[in-house]
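Results of the structural survey
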Amino acid sequence: MNRRQVIAATAGLGLTGGSLLIARQGVPGTESRSEDQLPIRVETLDARGSAAGETAVPTPETVTVVDLFATWCAPCDDQLAILNTIQAEYDEVSFISVTNERPSETLTRADIAEWWDQNDGAWTVGLDPGSELVAAFGAGGLPYIAITDEEGRIEFGHSGLAGKETLRKQLDSLV
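Now for a description of the structure that goes with this document. The residue numbers shown here count from 1 along each chain, following its written sequence. A pLDDT threshold of at least 70 governs which residues receive local features in this predicted model, and a stricter bar of 80 or more applies before side-chain atom pairs are shown or counted, although totals over entire chains, interfaces and linings include all residues. In computing side-chain properties, one takes all heavy atoms of the structure into account and sets aside hydrogens as well as water.

1. Focus on the state of the cysteines
Put simply, the rule reads: Only a pair of cysteine sulfur atoms within 2.5 Å counts as a disulfide in this structure description. Think of it in three bands: residues with accessible area under 20% of the maximum for their type are buried, residues over 50% are exposed, and the middle band is partly exposed, with areas taken using a 1.4 Å probe on protein chains only.
Under the counting rule described, the total for this entry stands at 1 disulfide. Two residues share a disulfide in this structure: C73 and C76, whose sulfurs sit 2.3 Å from each other. Measuring handedness by torsion sign, the sulfur bridge of C73 and C76 sits at about 80 degrees and is right-handed. Its relative accessible area of 1% is what places C76 among the buried residues.

Next comes the structure, spelled out in structure tokens:
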């Protein structure tokens, strides 16, 4: 075997090994969404449109828009403004926004509720400090919007800013 053949054979083995890994584990960064992990119970905050306690995400037997956000995320402010417009058009749809930020001395529940109020949030807002929802939805970044049907199946998922028309189209297909 000459040097070129050895290099080609080694490269082929690497590609084959990589293909086997992908076949077994999937393409890295594209983990499948796992509806079997849903619903997940999250703590809810006392804020406009929300009461302290806990809730299931998604809302059982209801089309649900789940907004994953963070208070430090500038596009999350814009996403919330879009959701405010959409929410007013869909009375029969449940909306919930959840952050995976961990309350601490530097970011309290009151700080999150204040951010919520400043951004005109008007529905349930919750905490998921263990990032269970991020994992269940396969969220790759924030903001992240997921829409589930009445059976809790994930029908739509989107990382980054989701526009009004995209959200309307998705919701109109489910309600």
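2. Structural notes on the sheet that holds strand 4 (residues 94–99)
As a reminder of what qualifies: Note: two strands are recorded as paired if DSSP finds a minimum of 2 bridges between them. What counts as a helix is a DSSP run of H or I of at least four residues, what counts as a strand is a run of E of at least two, and both are numbered from the N terminus. An axis is simply a line fitted to the C-alpha atoms; with a helix, the fit covers only the stretch in contact. Between two such axes, the angle follows the N-to-C directions and lies from 0 to 180 degrees. Should any heavy atoms of two residues lie within 4.5 Å, those residues are considered in contact.
Pairing in this open sheet of 7 strands is mixed, and the strands run 2-1-5-4-3-6-7 from one edge to the other. At either end of the open sheet lies a strand with only one pairing partner, and these are strand 2 (53–57) and strand 7 (154–159). On average, each strand axis in the sheet is tilted by 30 degrees relative to the strand beside it, whichever way the strands run. Relative to strand 4, strand 3 (residues 64–69) is paired through 6 bridges, and the arrangement is parallel. Bridged to D67 within strand 4 is S97. Sitting on the sheet, helix 2 (residues 74–87) is in contact with strand 3, strand 4 and strand 6 (144–148), with an inclination near 165 degrees to strand 3.

3. Side note on the packing of aromatic side chains
Here is the rule we go by: Working definition: rings of Phe, Tyr and Trp (its six-membered ring) pair if their centres are within 6.5 Å, and the pair is stacked with planes under 30 degrees apart, edge-to-face with planes over 60 apart, and tilted otherwise.
Summed over the entire model, instances satisfying the criterion amount to 4 aromatic pairs. On the basis of an interplanar angle of 5 degrees and a centroid distance of 4.7 Å, the ring pair of F69 and W115 is categorised as stacked. Of this pair, F69 sits in strand 3 while W115 sits in helix 3 (residues 109–118), and the two are 46 residues apart along the sequence. A relative accessible area of 1% means that F69 is categorised as buried. For W115, a relative accessible area of 10% puts it in the buried group. Measuring from centroid to centroid gives 5.5 Å for F95 and W123, while their planes differ by 50 degrees, and the two rings are tilted. With a gap of 28 residues between them, F95 in strand 4 and W123 in the loop between helix 3 and strand 5 (124–127) connect regions that are remote in the sequence. Like W123, F95 is buried. A network of ring pairs unites the aromatic residues F69, F95, W115, W116 and W123 as a single cluster.

4. Quick notes on the environment of G141
Mapped onto the fold, G141 is located in the loop between helix 4 (132–137) and strand 6. G141 sits in the partly exposed class, given a relative accessible area of 27%.

5. What about the pairing of strand 1 (residues 40–44)?
Relative to strand 2, strand 1 is paired through 5 bridges, and the arrangement is antiparallel. Across the sheet, V42 pairs through a bridge with T55, a residue of strand 2.

6. Some thoughts on the packing of helix 2 against helix 5 (residues 164–172)
Where we set the bar: For classification, angles of less than 35 degrees are called roughly parallel, those exceeding 145 degrees roughly antiparallel, those between 65 and 115 degrees roughly perpendicular, and all remaining angles oblique. Each helix crossing is assigned a hand: it is left-handed if the near helix lies turned anticlockwise from the far helix by less than a right angle, otherwise right-handed if that turn is clockwise. We call Asp, Glu, Lys and Arg charged. Ala, Val, Leu, Ile, Met, Phe, Trp, Tyr, Cys and Pro are nonpolar, and the rest, Gly among them, are polar.
Packing of helix 2 against helix 5 leaves a shortest axis separation of 10 Å and a crossing angle of 45 degrees. One way to sum up the angle between helix 2 and helix 5 is to call them oblique. Between helix 2 and helix 5 lies a crossing of right-handed hand. Here Q79, I82, L83, T85 and I86 of helix 2 come into contact with helix 5, specifically with K164, L167, R168 and L171. Residues of the contact of helix 2 with helix 5, tallied by class, amount to 5 nonpolar, 2 polar and 2 charged.

7. Remarks on the side chain of T148
Tracing the backbone shows T148 in strand 6. Here T148 falls in the buried class, since its relative accessible area comes to 0%. Not counting chain neighbours up to four residues away, the residues in contact with T148 comprise P58, T62, V63, T64, F137, R153, I154, E155 and L174.

8. Quick look at helix 5
We count it as follows: Arc, as used here, means the arc of the directions from the helix axis to the C-beta atoms.
When we look at burial in helix 5, the residues that qualify are L167, R168, Q170 and L171. On an axial view of helix 5, the arc spanned by its buried residues comes to 165 degrees, and they lie on one face. In helix 5, the exposed positions that point more than 90 degrees away from the buried face belong to E165 and K169. In this structure, the buried side of helix 5 is in contact with strand 3, helix 2, strand 4, strand 6 and strand 7.

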